[in-house]
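# Reading the structure
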Amino acid sequence: MMENTLELRIIESKDWATALFILSFAIITIVKSVFENRFSDFANLIYSNKYIKVYKDSTNLNSTFTLSLFFVQIVSLAFFIQITLSYFGYASKTDWLLYIQIFTFLIFFILSKYLIEKIIATSFNIEEFMEQFNLQKVTYRTYIGLFILPLNIILFYYDSFSTIIPLIIIAIILIANALTYLISIKNYQNIIFGKLFYFILYLCALEIAPYYFMYYWFTKGNA
């Protein structure tokens, strides 16, 4: 006599991700409506530096426009990290608890890094330069985050893509970040060369070391 056994089928919900995607696009739509001219300049950032020239004042770092799109950037980046991990078999892309952990880690990492930068900038008396430099980095990285948001949607809801796709996106992000630094250094070369020692210290301590230790921790943790 054959015995029938019932197996529990776990269906992972994607509703939380759908809600976040809708929220992100809602924020973008609201920001576009409220700051129409500014958003237009921001959207043209890929081939025009008008936005950087007009909104270069460090007070814009804490503006509603910057903070709103920064939130969308973190949402997008957290999705991309989780999706990439899932494509390589390290996680499930529908695990909302993991997403919260990644999102929280990104917020903690960025805020901690920013506070340390503020302390170093105050110690070396380069607060104004550091604020402007950070604003420019945040602007370009937010642009990258918005760029990969629709790609996240495609990668999240479809499973038939090759693992080469996330690698290509990572390569594009790394190249874009490198170009961001080159553009920032070019724009502030006079100030940077005047405080070259402090800038090199800043790069080593806050732009290279944290990412190296994250890479070391991840590779050793999954060895």
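An account of the accompanying structure is given in this report. (Residues numbered from 1 in each chain as written. Predicted model: local features only at pLDDT ≥ 70, side-chain atom pairs only at ≥ 80, totals over all residues. Heavy atoms only, no water.)

### As for the overall build of the chain
Put simply, the rule reads: Only runs of H or I of at least four residues qualify as helices and only runs of E of at least two qualify as strands under DSSP, and these elements are numbered from the N terminus. Each residue is placed in one exposure class: buried if its accessible area under a 1.4 Å probe, protein chains only, is under 20% of its type's maximum, exposed if it is over 50%, and partly exposed if it falls in between. A 1.4 Å probe and the Shrake-Rupley method give the accessible areas. Residues count as covered only by the protein chains that appear here.
When its secondary structure is counted, the chain shows nine helices and zero strands. Going from the N terminus to the C terminus, the chain shows its helices and strands as α-α-α-α-α-α-α-α-α. Taken across its 223 residues, the chain has 39% of its residues classed as buried. For the chain, the exposed area adds up to about 13900 Å²; of that, 68% sits on carbon and sulfur atoms.

### Examining the nonpolar core
Just so we agree on the cut-off: Definition used in this section: a nonpolar core is a set of buried Ala, Val, Leu, Ile, Met, Phe, Trp, Tyr and Cys residues joined via side-chain atoms within 4.5 Å. The contact definition used throughout considers only heavy atoms, calling two residues in contact when any of these lie within 4.5 Å.
Counting 39 residues, the largest nonpolar core has Leu-69, Phe-79 and Tyr-99 as its most contacted members. Elements supplying a minimum of two residues to this core: helix 1 (15-34), helix 2 (36-43), helix 3 (50-54), helix 4 (64-87), helix 5 (96-123), helix 6 (127-157) and helix 7 (164-187). Not counting chain neighbours up to four residues away, the residues in contact with Tyr-99 comprise Trp-16, Leu-20, Val-75, Ala-78, Phe-79 and Gln-82. Counting six residues, the second largest nonpolar core, distinct from the first, contains Ala-121, Ile-126, Phe-129 and Met-130.

### Section: the pattern of salt bridges
How we decide: Any Lys or Arg side-chain nitrogen located within 4 Å of an Asp or Glu carboxyl oxygen qualifies as a salt bridge.
The final tally for this structure, using the stated rule, is one salt bridge. The closest approach of N and O atoms between Asp-41 and Lys-50, which form a salt bridge, is 3.7 Å. In this structure Asp-41 comes out as buried when scored by relative accessible area, which is 14%.

### Examining the packing of aromatic side chains
Ring pairs (aromatic) are described by centroid distance and by the angle formed between their planes. We count it as follows: Classification of ring pairs uses Phe, Tyr and Trp, with its six-membered ring standing for Trp, and accepts pairs whose centres are within 6.5 Å; under 30 degrees between planes counts as stacked, over 60 as edge-to-face, and the remaining range as tilted.
Counting across every chain of the model gives 19 aromatic pairs. Ring centres 6.0 Å apart and planes at 75° place the aromatic pair Phe-21 and Phe-156 in the edge-to-face group. A residue pair is termed long-range when its members are at least 10 positions apart, and Phe-21 in helix 1 and Phe-156 in helix 6 qualify at 135 residues. Relative to Tyr-99, the ring of Phe-79 has its centre 4.5 Å away and its plane inclined at 40°; by these criteria the two rings are tilted.

### Some remarks on a nonpolar patch on the surface
What counts, and what does not: Residues enter patches when their relative accessible area tops 30% and they take part in no salt bridge; the joining distance is 9 Å for like charges and 5 Å for the nonpolar side chains Val, Leu, Ile, Met, Phe, Trp and Tyr.
A cluster of nonpolar side chains, Phe-88, Tyr-90, Phe-147, Ile-164, Leu-167, Ile-168 and Ile-172, forms an exposed patch at the surface whose accessible area comes to about 670 Å². For the nonpolar patch, the element with the most residues is helix 7, which contributes four residues. Tracing the sequence through the fold places Ile-164 in helix 7.

### Some remarks on helix 5
This is how the line gets drawn: By definition here, a helix of n residues has an expected span of 1.5 Å times n minus one. Definition of a polar contact: a pair of N or O atoms within 3.5 Å, with one able to donate and the other able to accept a hydrogen when the atoms are protein atoms, and with sequence-neighbouring residues admitted only if both atoms are side-chain atoms.
Here helix 5 is 28 residues long and its end C-alpha atoms lie 41 Å apart, about the 40 Å a rise of 1.5 Å per residue gives. Looking only at helix 5, the buried set comprises Leu-98, Tyr-99, Ile-102, Phe-103, Leu-106, Phe-109, Lys-113, Glu-117, Ile-120 and Ala-121. Two or three places before Leu-97, at the start of helix 5, stands the capping residue Asp-95, its side-chain oxygen 3.1 Å from that residue's backbone nitrogen. A positive phi of about 60° marks Asn-125, the residue just after helix 5.

### Some words on the packing of helix 5 against helix 6
The test is simple: Only the contacting stretch of a helix is used when fitting its axis, a line to C-alpha atoms as for every element, and angles between N-to-C directions run 0 to 180 degrees. In what follows, roughly perpendicular refers to angles from 65 to 115 degrees, roughly parallel to angles under 35, roughly antiparallel to angles over 145, and oblique to any angle outside these ranges. Each crossing is labelled by how the near helix is turned from the far one, with a counterclockwise turn of less than a right angle marking it left-handed and a clockwise turn marking it right-handed. Gly is put with the polar residues, along with every residue not named as nonpolar or charged; the nonpolar set is Ala, Val, Leu, Ile, Met, Phe, Trp, Tyr, Cys and Pro, and the charged set is Asp, Glu, Lys and Arg.
Closest axis-to-axis distance for the helix 5/helix 6 pair is 8 Å, and the angle between their directions is 150°. In terms of orientation, helix 5 lies roughly antiparallel with respect to helix 6. In the packing of helix 5 onto helix 6, the handedness of the crossing is right-handed. Of helix 6, the residues touching helix 5 (which contributes Lys-113, Tyr-114, Glu-117, Lys-118, Ala-121 and Thr-122) are Glu-127, Met-130, Glu-131, Asn-134 and Lys-137. Per-class residue counts for the contact of helix 5 with helix 6 are three nonpolar, two polar and six charged.

### Observations regarding helix 4
An ideal rise of 1.5 Å per residue puts 34 Å on 24 residues; helix 4 measures up with 35 Å between its terminal C-alpha atoms. Within two residues after helix 4, Gly-89 carries a phi angle of roughly 80°, on the positive side.

### Some details on the environment of Tyr-143
Mapped onto the fold, Tyr-143 is located in helix 6. Separated by 73 residues in the primary sequence, Tyr-143 and Phe-70 have C-alpha atoms spaced 9.3 Å apart. Beyond its immediate sequence surroundings of up to four residues, Tyr-143 is in contact with Phe-42, Ala-43, Leu-45 and Ile-46.

Remember, this is a structural readout, not a statement about activity or role.
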